[in-house]
Amino acid sequence: MLLFCGLILCCGLASMVSAGVFPNYHGQFDFVTWDKEKSLHDYESTKKWWETAAFYQIYPRSFKDSNEDGVGDLKGITDRLPYLKEIGINATWLSPIFPSPMADFGYDISNFTEIDPLFGTMQDFEDMIAKAKELNIKIILDFVPNHSSDECEWFQKSIAEDPHYKDMYVWHPGKIIDGKRQPPTNWRSVFRGSAWQWHEKRKAYYLHQFGKKQPDLNYRLPQVKEMMKEVMRFWLRKGVAGFRIDSVAHVYEVAPNSSGDWPDEPRNMAVNDPDDWSYLQHIYTVDQLESTQLLYEWRKVLDDFQQQHGGDELIIMAETYSPIEVIMKYYGNDTVNGVQIPFNFLLITWLTNTSSAYDYAKAIHTWLDNMPNGRTANWVLGNHDQHRLASRLGEDRVDMMNILLLTLPGCSVTYMGEEIGMSNVWISWNDTVDPSACNSNPNIYEKLSRDPERTPFQWSDEYQAGFTTAKKTWLPLALDYEKVNVKEERKVKLSHLDIYKQLQELRKQPTLRHGLAEIVAINNNVLAVKRYLLKDYTYVALMNINDNRETINLLEVFSDLPEEMMYVLVTKQSEKKIGTRVHISSVQLNPKEAVVLKSLTQLSTTAGYFVYYTHESPKNKIV
């Protein structure tokens, strides 16, 4: 059933529904008795800080080195926090900074409540928190629950069968086949090969869904859950604003049967490499219901802490590449709150440099159509596990993708360097350090390596890109750092950095923070995002994804636009200037051009209509 509130003053309702109207990410007003100033004030006062926040991921090894060892550190991050303020960032999440043998560069943690000396000291961490608070930037920490390092004290005590730690990890004696001991199942590791490793001292196999130096914790043991909750509380007491949860889908595997055994997983006949993780269909080791329920428990830990100590809402960002119907459960349900931000990777995983505007629209609509009522959308263009935006979609699409990121409703996540258009760096086999690649061979390592997107940040055209004064960086620098860097792009009008900063300023406008959205693929090449708010300005972002010249009649796309609008953001492909007016019946777009238009006046109910849906809204189709 479709319910209407407010005023409907024109007959374009059918086109509005077909274009897709998405109000789920914000609250509702009484639009009949609308008082703009009062309503926006009230709304801003109750708005949760993260709902329209700009998040920024820092990969600490590669952000800024302060001690000349070629590896980034906490003092380096603290020193460059003003840069995050400059580009409009509200919160940053850090990849792991905890003690680690670095078999997986910090995702193999040996102590969950300390700082690795490579990154600094606990005092350095506290200084960073204090500086971030001064700048009103929140710090989110990576939380790695699935496994520890094999050098973690917990695992060493589990090997020794200490009664308290014996079952904290997933152990099995294996099975005897033809007189030979074999792993208990055929399960594969994400990093290739068997997910089971024999341990001679304990005389048993342990499960590792990632590297063999990353043994899986056993969450079917209550004390494991409680110990990890206490890890969360430790860092909350230190002043962090929440956590990014790593590899949520892998935390639980199917429960063993009464004999303590697990079933084999079925073959994926599309893959022939038996060492490849995709060789099997992961029905027993990924996306178990208990993993989602555990997220609900972690959310309660944060909510309880916030209730006890006050302050802003504490948040969870959850990483998964699971099917959409699984991810949506992460948000919670009618009786329990889940995570605020289950990462939306559809703009990464669904789009290539040959995608059409219809593909873009489908990726966007898929998330918004499936998102539960009252939840907040999020948009992610890159991270430390995915090839860089400029390398995936092309350097000439960087600006349009950042325009899309920051004009869509909800919150945004930027991976460090995407705001200046950094590209992948080719890394030779001899220089490769990523275990995902190192466990393969020189013939296939490039398909598996994540090193190319993890290279040092490019601060300037100076020695070592201003990242360090060391003779060698932990990964090679990009060859283009003398042109692609913060220092140079600060000087250049319409550089990637300039566009990004303009977008962040534009994002402060009420319509782009609170307004409704319509997302339309106008044709194969052009995507349009309309944002509007009652008695405020309307904005339309247009992105010409391909190399055709296009002339667009927006009057045929959206039913309630004024005949004339104004350019408020242009890119280097544009011939128009900011402030130029355009008749929307004939908007011309150059190849790969992206622009943002704004209405000349604040639109009232007499200029169109307003509609919103309840939780009973129908699914919206793509135009």
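Rules and cut-offs
- Residues numbered from 1 in each chain as written.
- Predicted model: local features only at pLDDT ≥ 70, side-chain atom pairs only at ≥ 80, totals over all residues.
- Heavy atoms only, no water.
- Helix = DSSP H or I, 4+ residues; strand = E, 2+ residues; numbered from the N terminus.
- Contact = heavy atoms within 4.5 Å.
- Polar contact = N/O pair within 3.5 Å; in protein donor to acceptor, adjacent residues only side chain to side chain.
- Axes fitted to C-alpha atoms, helices over the stretch in contact; angles between N-to-C directions.
- Left-handed = near helix turned anticlockwise from the far one by under 90°.
- Nonpolar A, V, L, I, M, F, W, Y, C, P; charged D, E, K, R; others polar.
- Salt bridge = Lys/Arg side-chain N within 4 Å of Asp/Glu carboxyl O.
- Buried < 20%, exposed > 50% of the residue type's maximum accessible area, 1.4 Å probe, protein only.
- Core = buried A, V, L, I, M, F, W, Y, C linked by side-chain atoms within 4.5 Å.
- Pairing = 2+ DSSP bridges.

1. Here we look at the environment of D65
Move 1: Following the sequence through the fold, D65 ends up in the loop between β1 (54-58) and α3 (74-79).
Move 2: With 408 residues separating them along the chain, D65 and T473 place their C-alpha atoms 9.4 Å apart.
Move 3: Ignoring anything within four residues of it in the chain, the contact list for D65 reads G70, V71, G72, D73, F467 and T468.
Move 4: Here D69 takes part through its backbone nitrogen, which lies 3.1 Å from a polar atom of the side chain of D65.

2. A closer look at the packing of helix α7 (residues 222-237) against helix α8 (residues 289-309)
Move 1: Axis separation between α7 and α8 bottoms out at 11 Å; the angle between their running directions is 35°. Relative to α8, the crossing made by α7 is right-handed. Contacts between α7 and α8 involve K225, K229, M232, R233, L236 and R237 from the former and L294, E297, W298, V301, L302 and F305 from the latter.
Move 2: Classifying every residue of the contact of α7 with α8 gives seven nonpolar, no polar and five charged.

3. Quick look at the pattern of salt bridges
Move 1: Counting across every chain of the model gives 41 salt bridges.
Move 2: A salt bridge links R244 to D142, with the shortest nitrogen-to-oxygen separation between them at 2.8 Å. Highlighted residues: R244 in strand β9 (residues 242-245) and D142 in strand β3 (residues 138-143), separated in sequence by 102 residues.
Move 3: Residue R244 is classed as buried on the basis of its relative accessible area, which comes to 2%.
Move 4: Relative accessible area serves as the criterion here: at 2%, D142 is assigned to the buried category.
Move 5: R220 is paired through a salt bridge with E290; the nearest N and O atoms lie 3.1 Å apart.

4. Observations concerning the nonpolar core
Move 1: Within the largest apolar cluster, 169 residues are counted, with the highest numbers of intra-cluster contacts made by F55, F125 and L554.
Move 2: Ignoring sequence-local partners within four residues, the contact set of F55 consists of W49, W50, I89, A91, I315, M317, I341, C411, S412, V413 and T414.
Move 3: Core analysis: the second largest hydrophobic core is formed by seven residues, V170, A195, W196 and L207 among them.

5. Some points on the environment of W459
Move 1: Its location among the elements puts W459 in the loop between α15 (445-448) and α16 (486-491).
Move 2: When its relative accessible area of 6% is taken as the criterion, W459 is described as buried.
Move 3: Along the backbone, W459 and Y481 are 22 residues apart, and their C-alpha atoms lie at a distance of 8.3 Å.
Move 4: Here W459 is in contact with F63, K64, R80, Y83, A465, G466, F467, N485, V486 and K487, once residues within four sequence places are set aside.

6. Remarks on the sheet that holds strand β15 (residues 526-532)
Move 1: Taken together, six strands build an open sheet; the order of strands is β14-β15-β16-β21-β18-β19 and the sheet is antiparallel. Both edges of this open sheet fall to β14 (516-521) and β19 (581-583), since each of them pairs with a single strand only. Pairwise comparison of adjacent strand axes, ignoring direction, gives a mean angle of 30° for this sheet.
Move 2: Sheet topology places strand β16 (residues 539-544) next to strand β21 (residues 594-599); five bridges connect them, and they run antiparallel. Along β21, the bridge assignment pairs V540 with L597.
Move 3: Along the sheet, helix α11 (residues 357-370) contacts β14 and β15; its crossing angle with β14, the most-contacted strand, is approximately 145°.
Move 4: Against the sheet, helix α17 (residues 496-506) makes contact with β16, β18 (564-569) and β21, and its axis sits at roughly 125° relative to β18, the strand it touches most.

7. Describing the pairing of strand β8 (residues 204-207)
Residues in a regular strand point their side chains to alternate faces of the sheet.
Move 1: Residues A204 and Y206 point to one face of β8 and Y205 and L207 to the other, with burial holding for every one of them.
Move 2: Judged from the two bridges that link them, strand β4 (residues 171-172) and β8 form a sheet pairing that is antiparallel. By the bridge assignment, H172 is partnered in β8 with Y205.
Move 3: From the end of strand β7 (residues 196-199) to the start of β8, which pair antiparallel, there are four residues, and K203 there has a positive phi angle of about 60°.

The values reported here are purely geometric and, on their own, carry no functional implication.
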